[in-house]
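# Report on the structure
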Amino acid sequence: MRKRRTQKTGRTRRVPRLSAGPLWVVAAALAVVVLLVARELGESGRGAELVARVLGTRDLSEEALALDRAVDSALVKLGAFDLKAETETRTAGRTSWPHWTKTGRIPAGADLVQCNLTITEAVRLEGGKLHVVRERAPDWRGGRTLDMKLGLGDRETHQIVLRETPGAAAARASGGPRIAIVIDDIGYGESSAAKAALELDETITVAVVPHCPASESAAEAAHAAGKEVILHLPMEPVGYPGVNPGEGVLLVGRPASELRELLGAALEGVPHAAGVSNHMGSAFTADRAQMRVLMAALKSRGLFFFDSMTTAASVGSSEAARAGVPSARNSMFLDSKLDEEGRVDVEAQLRDLEALARSRGWAAAIGHPRRETIAALRREMPAMRERGVEFVFISDLVREGDNP
């Protein structure tokens, strides 16, 4: 306690003095608070953002990349293909962010309003918004164009230009639409249905599963019969290992070297393979990092990719486009729809397939070596051909860019 003399009275009053003890407690408490806040910012990833704000700069790359992933997923669901992307860095004041210009094609007859809604909703869920959308007048071939600009707040991160593939442009000199039929799951054994599939006097592609008793012999027989052969490569499905596609499966999270080795081993057991399709793979084909590794491997081997579309979340088409790998997507499964009596209604699916092909010029479908499927193909394919349908290998579609 120290003394202080007042001016008026000259009296002395005592002024309390803080001891070192309370000051130490306050300092320690403040230090604990600072440490807790710093740890929270570090764990949440907001530390860099806070520093950037204090320093007056801000990088929106992370938010923009999340928006870009949402855009890609929406484009795949819409069946967009021939996608090309250009990226640049934009700045405004002390803020920077990446900007993508993406161009591609959508099937003839696509609902442009639905395309707009699908992309806008995907972006909205990631915190973005639609800036501008317009439909351009049809070009000289009748194809329409959807032009969209999207972004984060007022900052534009994407311009998306989707051009409709005119239905008339897909009609060839033969005068009709083109359809590719792929028979999956060949190689498990020498069943009568599998043998009948190879004996079909039609243009079909067979997808052979590797590491099976009849894989090599089935691929040789298919090639000798004039059929196109592709590798039906096992990939991790949702629910693995409860749902197991078999030996040599490509798994999510495995190193790139392992994926390349598994691809090479599978191709060795399936001679004459011109391309690769996914066997199951609902988890693997939705994993962008793993699909990027696979596409690089296919590119180096000169192989195309046919996406079986076991999940709408597949990034096969977009990653194939990034890598410059020719690709196509399955339009429908022929033998998964049942009629009113619970039977496989392959005929109904073939009618829908023909209608789809006529609306956009081409289509691809997957069937399996089942008695009902092969019998329906034997009955219906000649009749469809008489109506002007041209049956082609799946490679004929991907090589010309007619990706379903």
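Keep in mind it's a predicted model, so treat the numbers as computed, not measured.

### Some remarks on the confidence of the model for the protein chain
Overall, the predicted model of the protein chain reaches an average pLDDT of 85, with 80% of residues at or above 70. Here residues 168–174 is modelled with pLDDT under 50, and outside its nearest four sequence neighbours on either side it reaches nine contacts, counting other chains as well. Scored below 50 in pLDDT, residues 400–404 shows 24 contacts in the model against residues more than four places distant or in partner chains.

### Describing helix α10 (residues 346–360)
For α10, built from 15 residues, the straight-helix expectation of 21 Å at 1.5 Å per residue is met to within 8% by its first-to-last C-alpha distance of 21 Å. Residues of α10 that are buried: Val346, Ala348, Gln349, Leu350, Leu353, Glu354, Ala357 and Arg360. Positive phi shows up at Gly361, right after α10, with a value of about 100°.

### Some thoughts on unusual backbone geometry
The peptide bond linking Tyr240 to Pro241 adopts the cis configuration, its omega dihedral lying at 5°. Secondary-structure assignment places Pro241 in the loop between β11 (228–235) and α7 (256–268).

### Structural notes on the pairing of strand β16 (residues 362–367)
With six of six residues buried, β16 is to be regarded as a mostly interior element. On β16, burial covers both faces: Trp362, Ala364 and Ile366 on one face and Ala363, Ala365 and Gly367 on the other are all buried. In this structure, strand β9 (residues 178–186) lies alongside β16, joined through six bridges in parallel fashion. Each bridged residue has a counterpart across the sheet, and for Ile181 the counterpart in β16 is Ala365. Alignment of strand β15 (residues 332–333) against β16, held across two bridges, turns out to be parallel. Opposite Met332, over in β16, you have Ala365 as the bridge partner.

### A word on the packing of α7 against helix α8 (residues 288–301)
Across the interface, α7 lies against α8 with an axial gap of 10 Å and an inter-helix angle of 45°. Of the possible angle classes, the one that applies to α7 and α8 is oblique. Read as a crossing pair, α7 and α8 show a hand that is right-handed. Where α7 abuts α8, its residues Ala256, Leu259, Arg260, Leu263, Gly264 and Leu267 lie against Gln290, Val293, Leu294, Ala297, Leu298 and Arg301. Classifying every residue of the contact of α7 with α8 gives eight nonpolar, two polar and two charged.

Rules behind the numbers
- Residues numbered from 1 in each chain as written.
- Predicted model: local features only at pLDDT ≥ 70, side-chain atom pairs only at ≥ 80, totals over all residues.
- Heavy atoms only, no water.
- pLDDT = per-residue confidence, 0-100.
- Contact = heavy atoms within 4.5 Å.
- Helix = DSSP H or I, 4+ residues; strand = E, 2+ residues; numbered from the N terminus.
- Expected span 1.5 Å × (residues − 1).
- Buried < 20%, exposed > 50% of the residue type's maximum accessible area, 1.4 Å probe, protein only.
- Pairing = 2+ DSSP bridges.
- Axes fitted to C-alpha atoms, helices over the stretch in contact; angles between N-to-C directions.
- Parallel < 35°, antiparallel > 145°, perpendicular 65-115°, else oblique.
- Left-handed = near helix turned anticlockwise from the far one by under 90°.
- Nonpolar A, V, L, I, M, F, W, Y, C, P; charged D, E, K, R; others polar.

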